[in-house]
Structures are given as C-alpha cells and as structure tokens.
Amino acid sequence: NAGVTQTPKFRILKIGQSMTLQCAQDMNHNYMYWYRQDPGMGLKLIYYSVGAGITDKGEVPNGYNVSRSTTEDFPLRLELAAPSQTSVYFCASDRGQGETQYFGPGTRLLVL
Amino acid sequence: AQKITQTQPGMFVQEKEAVTLDCTYDTSDPSYGLFWYKQPSSGEMIFLIYQGSYDQQNATEGRYSLNFQKARKSANLVISASQLGDSAMYFCAMREVGGGTSYGKLTFGQGTILTVHP
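None of the values given here were measured: they were computed from a predicted structure.

Parameters at a glance
Residues numbered from 1 in each chain as written. Chains lettered and ligands numbered in written order. Predicted model: local features only at pLDDT ≥ 70, side-chain atom pairs only at ≥ 80, totals over all residues. Heavy atoms only, no water. Helix = DSSP H or I, 4+ residues; strand = E, 2+ residues; numbered from the N terminus. Buried < 20%, exposed > 50% of the residue type's maximum accessible area, 1.4 Å probe, protein only. Core = buried A, V, L, I, M, F, W, Y, C linked by side-chain atoms within 4.5 Å. Contact = heavy atoms within 4.5 Å. Pairing = 2+ DSSP bridges. Axes fitted to C-alpha atoms, helices over the stretch in contact; angles between N-to-C directions. Disulfide = S-S within 2.5 Å. Phe/Tyr/Trp six-rings, centres within 6.5 Å; stacked < 30°, edge-to-face > 60°. Lys NZ or Arg CZ within 6 Å of the ring centre and 35° of its normal. Salt bridge = Lys/Arg side-chain N within 4 Å of Asp/Glu carboxyl O.

Caption draft 1: Molecular detail of the environment of S28 of chain B. Residues and elements named next belong to chain B. In this structure, S28 sits in the loop between β4 (24-26) and β5 (32-39). Accessibility expressed as a relative area gives 74% for S28, which makes it exposed. For the pair S28 and F47, spaced 19 residues apart in sequence, the C-alpha to C-alpha distance is 25 Å.

Caption draft 2: A look at the nonpolar core. In this structure, Y25, L34, W36, I49, L77, Y90 and L114 of chain B are the most contacted members of the largest nonpolar core, which totals 24 residues. Looking at this core, the elements that each hand over two or more residues are β3 (19-21), β5, β6 (46-52), β8 (64-69), β9 (74-79), β10 (88-96) and β12 (112-117) of chain B. No other element matches β10 of chain B, which puts 4 residues into this core. Beyond its immediate chain neighbours, meaning those up to four positions away, Y90 of chain B contacts Q6, L21, W36, Y37, K38, L48, L77, I79, G111, T112 and L114 of chain B. Core analysis: the second largest hydrophobic core is formed by 19 residues, I46, V66, L78 and Y89 of chain A among them.

Caption draft 3: Geometry of the sheet that holds strand β3 (residues 19-25) of chain A. All names here are of chain A. The antiparallel open sheet is built from 4 strands, whose spatial order is β1-β3-β8-β7. Each edge of the sheet is formed by a strand with only one pairing partner; in this case those strands are β1 (4-7) and β7 (64-66). Along the sheet, successive strands turn relative to each other by an average axial angle of 20°, direction set aside. In this structure, β1 lies alongside β3, joined through 4 bridges in antiparallel fashion.

Caption draft 4: Expanded view of the state of the cysteines. Enumeration over the complete set of coordinates arrives at 2 disulfides over all chains. With a sulfur-sulfur separation of 1.8 Å, C23 of chain A is cross-linked through a disulfide to C91 of chain A. The chirality of the disulfide connecting C23 of chain A with C91 of chain A is left-handed, given an S-S dihedral of about -70°. Taken together, the residues C23 of chain A in strand β3 and C91 of chain A in strand β9 (residues 87-94) connect sequence positions 68 residues apart. Here C91 of chain A falls in the buried class, since its relative accessible area comes to 0%. Here C23 of chain B engages in a disulfide with C92 of chain B; their sulfurs sit 2.0 Å apart. Across the disulfide from C23 of chain B to C92 of chain B, rotation about the S-S bond amounts to roughly -65°, and the bridge is consequently left-handed. Highlighted residues: C23 of chain B in the loop between β3 and β4 and C92 of chain B in strand β10, separated in sequence by 69 residues.

Caption draft 5: Looking closely at the packing of aromatic side chains. Inspection of every chain in the model, using the stated rule, returns 16 aromatic pairs over all chains. Ring centres of Y25 of chain B and Y32 of chain B lie 5.1 Å apart, and the angle between their planes is 55°; this geometry places the pair in the tilted category. With relative accessibility at 4%, the residue Y25 of chain B sits in the buried group. Note on F35 of chain B and Y37 of chain B: the rings are 6.4 Å apart at their centroids and 25° apart in plane angle, and the pair reads as stacked. Like Y37 of chain B, F35 of chain B is buried. For R68 of chain A, the ring lying beneath its charged end belongs to F74 of chain A, and the centroid distance is 5.9 Å.

Caption draft 6: Expanded view of the pattern of salt bridges. For the structure shown, the criterion picks out 5 salt bridges over all chains. Across the pair R36 of chain A and D38 of chain A runs a salt bridge, and its minimum N-O distance is 2.8 Å. By relative accessible area, which is 11% here, R36 of chain A ends up buried. Look at D38 of chain A and you get partly exposed, because its relative accessible area is 25%. We note a salt bridge from R63 of chain B to D86 of chain B, for which the minimum N-O separation is 2.8 Å. Of the two residues, R63 of chain B sits in the loop between β7 (60-61) and β8 while D86 of chain B sits in the loop between β9 and β10, which places them 23 residues apart along the sequence. Take D86 of chain B: its relative accessible area is 2%, and that puts it in the buried class.

Printed below as a string of structure tokens:
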C-alpha cells in the first residue's frame, strides 16, 4: 500500500503562473482533504471532498480549485499564483466519521 | 465553530522523563474526535493517538497516552520515557462527527515544539 501520495515534492512558481498539485490514495477512502501549513503554524483546511463528484470549501479556499472525478484522485489547482500561497500543502484521506486521517508527504511550494 | 488551543509554543524535557503537552478545545457538538499528530523536521504528519468524545477510558498507544478531561475540554498528550527521536512539533486536532457544516473536517492547533535533551 502506497497510502497517500503527492506530486511534486517541491515547486517554484512565478507570480501569476498556474499549477496543479496531484494527490492520490489507494485505501479506498471516501473523504479527501487539502491543507496548507504556513511556517510555524498549524494546518488550515483549503478544500475537502466526501466522495467522487462532491467537493466543498474549507477555511481558506480563495485562490484554489479542486475536482474529484474518481475516489482515488483529488488534485488541487492554483490559478494565478501569489506570494501568499507560498506554503507546504498536505493532502489527506480517511473513511469519515471519527476515523484516523492519513497524510501525504506534502508539497513545498514557493511563489516568487 | 470548533477551536483548538495549544498554549505551549515550546517544551523541553530530559531524555527518559515524561512530558505533558497541553491541548484545550471548544465545540458545541456532543460528538467529536480528538487527535494528536507528530511532525518531525522532515515534515511528514504522523498519527499518534485518538480519543472519541464518548470513550470512557483515556486512550493509550505505547508510550503515548491522552489525558482526556471532558468537563474541562482538555485533551493533553502524555509522552512517557522521552527519547531523542521524540523531538518534533506536536499538533492537537479535533473533528466533529455529529453532522453539520463542519462534518469530517479536522481543525488543528498551532502546535508545540518538543525538544528532548540527552
């Protein structure tokens, strides 16, 4: 089992560029999440999904978009990158309810 | 809205001693789960321990135990016999499971940096 995988591990973007952060899980989890972690801070929820075709906003959704066409994949799209989006992005998944949430290794994004 | 507070930005402990990391929470949902995660300098998030709001006993996982005091809304993590490898950032998190707009989402505290001295 690979668990939750994320690509790329690190990326530098110029202001105004766009990119997609990839996330995949092989645990057949219905719930998937995207968080961002700014330096020295806790994680903040960007978007989440409770199943294929269903997504909803989290605490800090502005500047991001998501889609969930399959159970396995949950890509995060950054449009018009801004320096404020410099952060570490974590994808996570679980079965819902009170189940343990499993995290991917993170993607470090630097916007210059 | 749910909220998690970790009041200790940093903690120091001597190797082989026990340490308690504080966490208080606020929620109006009677059904919720409390989690602790460890984030070493390498950056990954490692699940440590879980406590459900209706669990009668405090959760334990090896050297980790959760001191759950529901009336005080606190969920402190106790690490016994600290090891050098325990040096990391520790996050307390909560999710509401009783429904509503926050269903399923984890809310994180700001974290506590633990340093274990030899």
